[in-house]
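The primary structure of each chain is shown beneath.
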Amino acid sequence: EADIYQTPRYLVIGTGKKITLECSQTMGHDKMYWYQQDPGMELHLIHYSYGVNSTEKGDLSSESTVSRIRTEHFPLTLESARPSHTSQYLCASSDLQAFSYEQYFGPGTRLTVT
Amino acid sequence: SQQGEEDPQALSIQEGENATMNCSYKTSINNLQWYRQNSGRGLVHLILIRSNEREKHSGRLRVTLDTSKKSSSLLITASRAADTASYFCATGPQGGSEKLVFGKGTKLTVNP
């Protein structure tokens, strides 16, 4: 099992609420990613980071924001949740110094916005 | 744009049988990876094959890559019920981009 953690695992929240999805890894990886995945569908990259103070938008437009103040921590925030944000959110990390390109995934947060 | 496309979308077999999943992609690649996802969980890396490799083995897994056809296959031999999961291929990173592009996956069910 990879040492990457996501909390909460499940979240049901009302429209308009602000939420933060937590992601932490203990592997010292520089690169971290957030993916959005609807049931039975492919993963879409929404944010990534090369290291502290680095954040980039991914391929899928997202109303969420991220921050990278510490190497091990890469939280994702939705300022005002909407039903269209209902999905599974997966956090991943990889080692910038390695050439294996393997990404390590957390267990995911399943978000439902009512 | 989607890069990897797995085929079939779903596969149901009996324990002990072999399972073959295919992945096609559109642009040139440096490497291709296969991941497994158990229901409601994150993805787990299975194997990476580089563009200059044609075949790679890892335990009961065998991956092939045909760059001329822009396709790869994942073979799981002597399948077990525990192999029940979705399997995704992913291409990249390349061209300075650090991103992986995932296909829609093949949902494999292994019946006991």
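Structure: above.
Predicted model only: the values in this text are computed from it and were never measured.

1. A word on the state of the cysteines
Right, on to step 1. Inspection of every chain in the model, using the stated rule, returns 2 disulfides over all chains.
Right, on to step 2. Between the sulfur of Cys23(A) and that of Cys91(A) lies a disulfide, 1.9 Å long from S to S. Where Cys23(A) bonds to Cys91(A) through sulfur, the torsion about that S-S bond is close to -75 degrees, and the disulfide is left-handed. In this pair, Cys23(A) is assigned in strand 3 (residues 19-25) and Cys91(A) in strand 9 (residues 87-94), connecting sequence segments 68 residues apart.
Right, on to step 3. Cys91(A) sits in the buried class, given a relative accessible area of 0%.
Right, on to step 4. Disulfide partner of Cys23(B): Cys89(B), at an S-S distance of 2.0 Å. Residues Cys23(B) and Cys89(B) share a disulfide whose torsion about the S-S bond is about 65 degrees; that sign makes it right-handed. With Cys23(B) in strand 3 (residues 19-24) and Cys89(B) in strand 9 (residues 85-91), the pair connects residues that are 66 residues apart, well separated along the chain.

2. Points about the sheet that holds strand 1 (residues 5-7) of chain B
Backbone hydrogen bonds hold the strands of a sheet together, and the pairing may be parallel or antiparallel.
Residues and elements named next belong to chain B.
Right, on to step 1. Here we have 5 strands laid out as an open sheet, ordered 1-3-8-7-6, and antiparallel in their pairing. The open sheet has two edge strands with one neighbour each: strand 1 and strand 6 (55-58). Direction aside, the axes of adjacent strands within the sheet are offset by 20 degrees on average.
Right, on to step 2. Relative to strand 7 (residues 61-66), strand 6 runs antiparallel, the two sharing 4 bridges. In the strand pairing of strand 7, Lys56 is matched with Val63.

Basis of the calculations
Residues numbered from 1 in each chain as written. Chains lettered and ligands numbered in written order. Predicted model: local features only at pLDDT ≥ 70, side-chain atom pairs only at ≥ 80, totals over all residues. Heavy atoms only, no water. Disulfide = S-S within 2.5 Å. Helix = DSSP H or I, 4+ residues; strand = E, 2+ residues; numbered from the N terminus. Buried < 20%, exposed > 50% of the residue type's maximum accessible area, 1.4 Å probe, protein only. Pairing = 2+ DSSP bridges. Axes fitted to C-alpha atoms, helices over the stretch in contact; angles between N-to-C directions.

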